[in-house]
Amino acid sequence: MPAGDADRAESEPQLPLHGVGPWPGNRDAWPDDERYDPELLEHGDRRNVVDRYRYWRLEAIVADLDTRRHPFHVAIENWQHDLNIGSIVRTANAFAAETVHIVGRRRWNRRGAMVTDRYQHLMHHPDVADFVAWARGEGLPIVAVDNVEGSRPVDAADLPERCVLLFGQEGPGLSPEALAAADLVVEITQYGSTRSINAAAAAAIVMHEWARRHARR
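Definitions and cut-offs
- Residues numbered from 1 in each chain as written.
- Predicted model: local features only at pLDDT ≥ 70, side-chain atom pairs only at ≥ 80, totals over all residues.
- Heavy atoms only, no water.
- Salt bridge = Lys/Arg side-chain N within 4 Å of Asp/Glu carboxyl O.
- Buried < 20%, exposed > 50% of the residue type's maximum accessible area, 1.4 Å probe, protein only.
- Helix = DSSP H or I, 4+ residues; strand = E, 2+ residues; numbered from the N terminus.
- Pairing = 2+ DSSP bridges.
- Phe/Tyr/Trp six-rings, centres within 6.5 Å; stacked < 30°, edge-to-face > 60°.

A.B. asks: Would you explain the pattern of salt bridges in this entry?
C.D. replies: Pairing is possible between side chains of opposite charge, provided their charged atoms come close. Applying the stated criterion across every chain yields a total of 11 salt bridges. Taking the shortest distance from any N to any O, the salt bridge between D33 and R35 comes out at 2.7 Å. Judged by relative accessible area, D33 falls into the partly exposed class, the value being 25%. Among the ionic contacts, a cluster of salt bridges with common partners joins R52, D64 and R68.

Written as structure tokens, this is what we have:
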């Protein structure tokens, strides 16, 4: 490393590591609780989880989430391997969605999920018809999110507590088949010049609107 680079490296502040280090004390101080992971207790927990789940086993976290997931689902059409899908999955986990449904291609871009897909229930549907049949069988209305003619502002729409929020691809939006199957089509009110906002951002806004009305405190 050149001398100038070394000097800069020494002067630049070191960012703190995320998470927590090993459990304080020796093994005798470890909690006597099967939810805790011995490897994490010994070496620390750097995962992207809230504090209540520090040192917990993955299976224990999923089991606890299952006791308090919200009664809305999220569905995403996956025809173009959209980079936003992972981010939408991550947001669905943050809002404790029941299940995320991938409609179309089974493989999807997981980078934006930041491994939150490990904690989130996922279901694949090969096409829109299969997804719609599932939703009808569960008695869940489909709420499509797209700024098309006839859509209603999401903040003024009657957003059901039990529902599936359906999102399309970045750019083309929802397919005609998906829009035709929707029980309600909503959009996000915009005030600038762009026709649409980023798909992952739109999903976060709509999920927050659902949580603002229905989420348990």
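A.B. asks: Got a minute to help me understand the pairing of strand β6 (residues 163–167) in this structure?
C.D. replies: Each regular strand shows side chains that alternate between the opposite faces of the sheet. Among the 5 residues of β6, 5 are classified as buried, and the element is accordingly described as predominantly covered. Residues C163, L165 and F167 line one face of β6 and the alternating positions V164 and L166 line the opposite face, and both faces are buried. Bridging between strand β4 (residues 142–145) and β6 involves 4 bridges; their strand directions are parallel. Paired with V143 across the strands is L165, a residue of β6.

A.B. asks: Would you mind showing me how to read the packing of aromatic side chains here?
C.D. replies: The description of two aromatic rings rests on the distance between their centres and on the angle between their planes. Counted according to the given criterion, the structure contains 5 aromatic pairs. Relative to Y36, the ring of W23 lies with its centre 6.0 Å away and its plane at 80 degrees, an arrangement referred to as edge-to-face. With W23 in the loop between α1 (3–11) and α2 (38–43) and Y36 in the loop between α1 and α2, this residue pair connects regions lying 13 residues apart in the sequence. According to the relative accessible area criterion, Y36 is buried, its value standing at 17%. Between the aromatic rings of F131 and W134, the centroid separation amounts to 6.5 Å while the plane-to-plane angle is 20 degrees, which identifies the pairing as stacked. Of the two residues, F131 and W134 both sit in helix α5 (residues 128–138), 3 residues apart, roughly one turn of that helix. You can call F131 buried: its relative accessible area is 2%. Here W134 falls in the buried class, since its relative accessible area comes to 17%.

It is worth stressing that arrangement in space is one thing and function is another; only the former is reported here.
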